[in-house]
Amino acid sequence: MKEPSYKERQEEAISRAREIIAKLSAEKGRPLYANITTFGCQMNARDSEKLRGILREVGYVDTENEDAADIVIYNTCTVRENADMHVYGRLGHMNGVKKKNPDLIMGLCGCMMQEPHVVEKIRKSYPFVNLVFGTHNLADFPELLLRVLSDKKRVIAIEEKTTTLPEDMPVKRKYSFKSGVNIMYGCNNFCTYCIVPYVRGREMSRRAGDIISECERLAADGVVEVMLLGQNVNSYGKGIDDFISFPDLLRRVCQVEGIERVRFMTSHPKDLSDDLIEAIAENPKVMRHLHLPVQSGSTEVLRRMNRHYDRDQYLALVRKIRERIPVISLTTDIIVGFPGETDEQFEDTLSLVREVGYDSAFTFIYSKRTGTPAAKYPDQVPDDVAHARFDRLLAAVKEGADKACARFEGQVMDVLVEEENKQPGLMTGRISQNIVVHLPGNKSMIGKILPVRMKECKGFYYMGEPV
Ligand code: 5AD
Ligand code: SF4
């Protein structure tokens, strides 16, 4: 007999898991509930949608209440130390929950699990965790889940690299009308502070044909906005046969009927091409927003971060983008307290932030990640100094953002309505620039793109009025 293919094996695992869940559910006289918590970035969020898709396929029902769930999964992040601490804290709580419900399946996956010291700690100190897997074997989730369900033994499965991309997995999206689409996995950039290349592995692109087919399927399923995901989308296509340049991929995705909005994340400032700027400019479906992580405004710090651009090159790039696409919004990531960062070098970051005037910025205090080059750099910046710099940076970002955000006041702009606001009678959506708008309305507007007057800017968001 022919060996079953990878896909056939997963399908078989799903159908056997489904039988077990149906039996358990009959015994308990209620559905079995699942809860996934996602830590970290958009990549993890998309991975969680795939896990949720499998859980739903085998018969679990989603619940928001973690303590009442029959399977709980933490999809972890390890980019900064406090993300790790958060997971350990939550596990302490789940230990208590498991004592009351011994049938609970506790699963851990994601970037933290690619660090051997973490897995060792889980092995030793968290015996109640039943399932541990990493970033390279997400596609094996059906088989791993079946092993836990049928053997009732703890399953720890970590791979060194990806052999099978998580293609064609059933997916349960958080939003019916928008979706992330992975175009590549991993990172080859080795910024000296960053753990991602170690836990996500080398860059691997998906075939262009597969990406376009996925977008077509999503459009047929009601998706109007896609976010193309990669650690550095500019280097999309390396090492595969069926690829086109990232700007051409963007153009192709725009041609998919039904897809009205295209976003992408992240484009590294070191190799953002003129053709990409052109592809955005010429295509109204590509949203007017670029996330352009600068990390520092000091050329010397950027060199030690291994970012491959300097302050002047970054500022020149910003000017070039704004010249071609004046309405674009720019956001960024910034790290303060990188090892050896002097007061003067920090001032360079402040002055760059003031010069660019970002629409918003994610600001981070440098977190030492064991195994990265920067962890061994001398002159680690004391906590109190880093915190003081962080506060000043936040104030500078806010000042620029208030001004930048307000520039659309009075204009009528297209808003994709995304969800109900906590405040009754209000809906929340986003304009092309990714700025949030609250507007009066009801649930029937969700997923629609509507013209809205930007009545009043409230700092980083707008109050709007449908026209
Ligand atoms: N410490 C602080 N911030 C970090 N980032 C990545 N690694 C670290 C670290 N060790 C930030 C960078 C990156 C964002 C996703 O997280 O700014 O762009
Ligand atoms: Fe980390 Fe740099 Fe890769 Fe981004 S580009 S994931 S910051 S190594």
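Residues numbered from 1 in each chain as written. Chains lettered and ligands numbered in written order. Predicted model: local features only at pLDDT ≥ 70, side-chain atom pairs only at ≥ 80, totals over all residues. Heavy atoms only, no water.

Caption draft 1: Spotlight on the sheet that holds strand 7 (residues 178–182). Read from one edge of the open sheet, three strands run 7-10-11, paired in parallel fashion. One side of each edge strand has no neighbouring strand; the edge strands of this open sheet are strand 7 and strand 11 (261–265). The mean inter-strand angle of the sheet, taken between neighbouring strand axes irrespective of direction, is 25°. On the sheet, helix 7 (residues 208–220) packs against strand 7 and strand 10 (225–229) and is oriented at approximately 165° with respect to strand 7. Most of the contacts of helix 8 (residues 246–254) go to strand 11, to which it runs at about 155°, and overall it touches strand 10 and strand 11. (Pairing = 2+ DSSP bridges. Helix = DSSP H or I, 4+ residues; strand = E, 2+ residues; numbered from the N terminus. Axes fitted to C-alpha atoms, helices over the stretch in contact; angles between N-to-C directions. Contact = heavy atoms within 4.5 Å.)

Caption draft 2: Local environment of the side chain of His289. Counting through the fold element by element, His289 comes out in strand 12 (residues 289–291). Taking relative accessible area as the criterion, His289 reaches 13% and is therefore assigned buried. In terms of polar contacts, His289 uses its side chain to reach the side chain of Thr331, at 2.9 Å. Dropping the residues within four chain positions of it, His289 is found in contact with Arg263, Ile328, Ser329, Thr331, Ser432, Gln433 and Asn434. (Buried < 20%, exposed > 50% of the residue type's maximum accessible area, 1.4 Å probe, protein only. Polar contact = N/O pair within 3.5 Å; in protein donor to acceptor, adjacent residues only side chain to side chain.)

Caption draft 3: Geometry of the site of ligand 1. Taken together, the neighbourhood of ligand 1 is formed by Val79, Arg80, Tyr193, Gln295, Asp333, Ile335, Phe364, Ile365, Tyr366, Ser367 and Arg369. In the model, an oxygen atom of ligand 1 is placed 2.9 Å from a nitrogen or oxygen of the Arg80 side chain. Between ligand 1 and the protein, one listed contact pairs a nitrogen atom with a backbone N or O atom of Ser367 at 2.7 Å. When the free accessible area of ligand 1 is taken as 410 Å², the share hidden by the protein chains comes to 85%. Class assignment of the residues belonging to the shell around ligand 1 gives a composition of six nonpolar, two polar and three charged. (Near = heavy atom within 4 Å. Areas by Shrake-Rupley, 256 points an atom, 1.4 Å probe, with all protein chains shown as cover. Nonpolar A, V, L, I, M, F, W, Y, C, P; charged D, E, K, R; others polar.)

Caption draft 4: Structural detail: the packing of aromatic side chains. Tallied over the entire structure, the rule returns twelve aromatic pairs. Here Tyr88 and Tyr126 contribute two aromatic rings whose centre-to-centre distance is 5.8 Å and whose plane-to-plane angle is 20°, an arrangement assigned as stacked. Residue Tyr88 is found in helix 3 (residues 81–100), and its partner Tyr126 is found in the loop between helix 4 (116–125) and strand 5 (131–133); the two are separated by 38 residues along the sequence. Of the residues examined, Tyr126 reaches a relative accessible area of 14% and is grouped as buried. With a centroid separation of 5.4 Å and an interplanar angle of 80°, the aromatic rings of Phe190 and Tyr198 are classed as edge-to-face. Its relative accessible area of 37% is what places Tyr198 among the partly exposed residues. Put simply, the rings of Tyr193, Phe338, Tyr366 and Tyr377 touch in pairs and so form one group of aromatic residues. Over the face of the ring belonging to Tyr175 we find Lys178, whose NZ or CZ atom lies 4.7 Å from the ring centre. (Phe/Tyr/Trp six-rings, centres within 6.5 Å; stacked < 30°, edge-to-face > 60°. Lys NZ or Arg CZ within 6 Å of the ring centre and 35° of its normal.)

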